[in-house]
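Survey of secondary and tertiary structure
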Amino acid sequence: MKIFIDSANIDEIKKLEELGVIDGITTNPTLASVTGKNFKELIKEIFETLSSDKIINLEVIATDYDNILIQARALSALDKRVVVKIPCIPEGLKACKVLTAEGIRINITLVFSPLQALLCANAGAFFVSPFVGRLDDISMDGVEVVKEIVEIYKKYNYKTQVLFASVRSVEHIRVAALAGVDVITSPYEFIMDMYKHPLTDKGLEKFLSDWNNAGEEFIV
Ligand code: E4P
């Protein structure tokens, strides 16, 4: 399962890139705007921060077919790592089909149901992004929606990859992996939480105190 960071914060992206734990990033207009940075400058910094093998999801802000095409082509032309996020609306899916045929990878975003996901796959989307946390927020079962999408895609052998988005906890990441998603995109803090276990801390503390008590010298 690939792990993306869901962030436009350069410090966070840089830290996880240095740890070697991420396969790419997702951004959206909200995440980009909270940085307070000029969008072109922000994109440039993101490109410089991530290595050549990473995937960088950037989102259009247009909602009509013609402008979605213009914005998607412009984003895609910036860098070969770009996957273009387009909202799950009729004009967006129409654009997805055309852009996919041009070789541009599309991530259909703001997906909340298996039926929407079915249309995304038929439109040739590279990623489909069900927003699990936002479904949970309104007392629906976001994980169940993802499980159904995974099952449907498997049944029909769709190539579209399922990207578990709107992560709200480290538990979401565990459940996503068990459900067989292709990718999760998570805020920085939950990826860092994945490293944590009290027995790791306790075990390391004991190893080091035992070593120090023995008074041995290490090899270097
Ligand atoms: C990812 O592509 C989405 O933009 C993101 O996961 C949305 O998450 P949120 O519901 O926390 O805003």
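Residues numbered from 1 in each chain as written. Predicted model: local features only at pLDDT ≥ 70, side-chain atom pairs only at ≥ 80, totals over all residues. Heavy atoms only, no water.

Topic: the sheet that holds strand E1 (residues 2–6)
Taken together, the eight strands give a closed barrel; going around it, the order is E1-E2-E3-E4-E5-E6-E7-E8, and neighbouring strands pair in parallel fashion. If you compare each strand with its neighbour and ignore which way they point, the axes differ by 30° on average. The sheet contact formed by E1 and strand E8 (residues 183–186) spans four bridges and is parallel. Bridge pairing in E8 links Phe4 to Thr185. Each of strand E5 (106–111) and strand E6 (127–130) is contacted by helix H6 (residues 114–122), which is oriented at about 165° to E5, the strand it contacts most. (Pairing = 2+ DSSP bridges. Helix = DSSP H or I, 4+ residues; strand = E, 2+ residues; numbered from the N terminus. Axes fitted to C-alpha atoms, helices over the stretch in contact; angles between N-to-C directions. Contact = heavy atoms within 4.5 Å.)

Overview of the nonpolar core
The biggest cluster of nonpolar side chains holds 60 residues, and the ones touching the most others in it are Val84, Ile86, Ile108, Cys120 and Phe164. In terms of residues, this core owes the most to one element, helix H8 (residues 142–156), which gives six residues. Discounting residues that sit within four places of it in the chain, Val84 has contacts with Leu58, Val60, Ala72, Leu75, Ser76, Ile104, Arg105, Ile106 and Asn107. Judged by nonpolar contacts, the second largest core, of eight residues, contains Ile55, Phe131, Leu163 and Val183. (Core = buried A, V, L, I, M, F, W, Y, C linked by side-chain atoms within 4.5 Å. Buried < 20%, exposed > 50% of the residue type's maximum accessible area, 1.4 Å probe, protein only.)

Regarding the pairing of E6
Neither face of E6 is open: one carries Phe127 and Ser129, the other Val128 and Pro130, and all of them are buried. For E5 and E6, the ladder comprises three bridges, and the chain directions are parallel. Each bridged residue has a counterpart across the sheet, and for Ile108 the counterpart in E6 is Val128. One crossover worth recording links E5 to the parallel E6 by way of H6, and it is right-handed. (Right-handed = clockwise from strand over helix to strand, strands pointing away.)

Looking at the site of the ligand
As a structural note, the neighbourhood of the ligand is formed by Asp6, Thr26, Asn28, Lys85, Phe131, Arg134, Ala165, Ser166, Arg168 and Thr185. In this structure, an oxygen atom belonging to the ligand sits 2.6 Å away from a side-chain N or O atom of Asn28. Here the residues of the shell around the ligand sort into two nonpolar, four polar and four charged. (Near = heavy atom within 4 Å. Polar contact = N/O pair within 3.5 Å; in protein donor to acceptor, adjacent residues only side chain to side chain. Nonpolar A, V, L, I, M, F, W, Y, C, P; charged D, E, K, R; others polar.)

Topic: helix H5 (residues 90–101)
Its 12 residues place the ends of H5 17 Å apart at the C-alpha level, agreeing with the 16 Å of an ideal helix rising 1.5 Å per residue. Those residues of H5 lying buried are Gly92, Leu93, Ala95, Cys96 and Leu99. Down the axis of H5, the sector holding all buried residues measures 160°, keeping them to one side. For H5, the exposed residues lying more than 90 degrees away from the buried face are Pro90, Lys97 and Ala101. Those residues of H5 that are buried lie in contact with helix H4 (65–78), strand E4 (82–87), E5 and H6. (Expected span 1.5 Å × (residues − 1). Arc of directions from axis to C-beta.)

Let's talk about the pattern of salt bridges
Pairing between side chains of opposite charge can happen when the charged atoms of each approach one another. Applying the stated criterion to the full structure yields 11 salt bridges. Among the ionic pairs, Glu48 bridges to Lys44, the shortest N-O distance being 3.4 Å. Taken together, the residues span about one helical turn, with Glu48 and Lys44 both in helix H3 (residues 39–49) at a distance of four residues. With a relative accessible area of 45%, Lys44 lands in the partly exposed category. Of the charged contacts, one joins Glu102 and Arg73 as a salt bridge, the two residues approaching to 2.6 Å between their closest N and O atoms. Taken together, the positions of Glu102 in the loop between H5 and E5 and Arg73 in helix H4 put the pair 29 residues apart, joining distant regions of the chain. (Salt bridge = Lys/Arg side-chain N within 4 Å of Asp/Glu carboxyl O.)

Remarks on the packing of H6 against H8
The interhelical angle for the contact between H6 and H8, taken along N-to-C directions, is 35°, at an axis separation of 9 Å. Of the two possible hands of crossing, H6 and H8 adopt the one that is right-handed. Here Pro114, Ala117, Leu118, Cys120 and Ala121 of H6 lie close against H8, whose contacting residues are Val145, Glu148, Ile149, Ile152 and Tyr153. (Left-handed = near helix turned anticlockwise from the far one by under 90°.)

Points about a nonpolar patch on the surface
Residues Trp211, Phe218, Ile219 and Val220 make up a contiguous nonpolar surface patch of about 560 Å² in total accessible area. On the secondary structure map, Ile219 appears in the segment after helix H11 (198–214). Residue Ile219 is classed as exposed on the basis of its relative accessible area of 77%. (Patch = residues over 30% accessible without salt bridge, like charges linked within 9 Å, V, L, I, M, F, W, Y side chains within 5 Å. Areas by Shrake-Rupley, 256 points an atom, 1.4 Å probe, with all protein chains shown as cover.)

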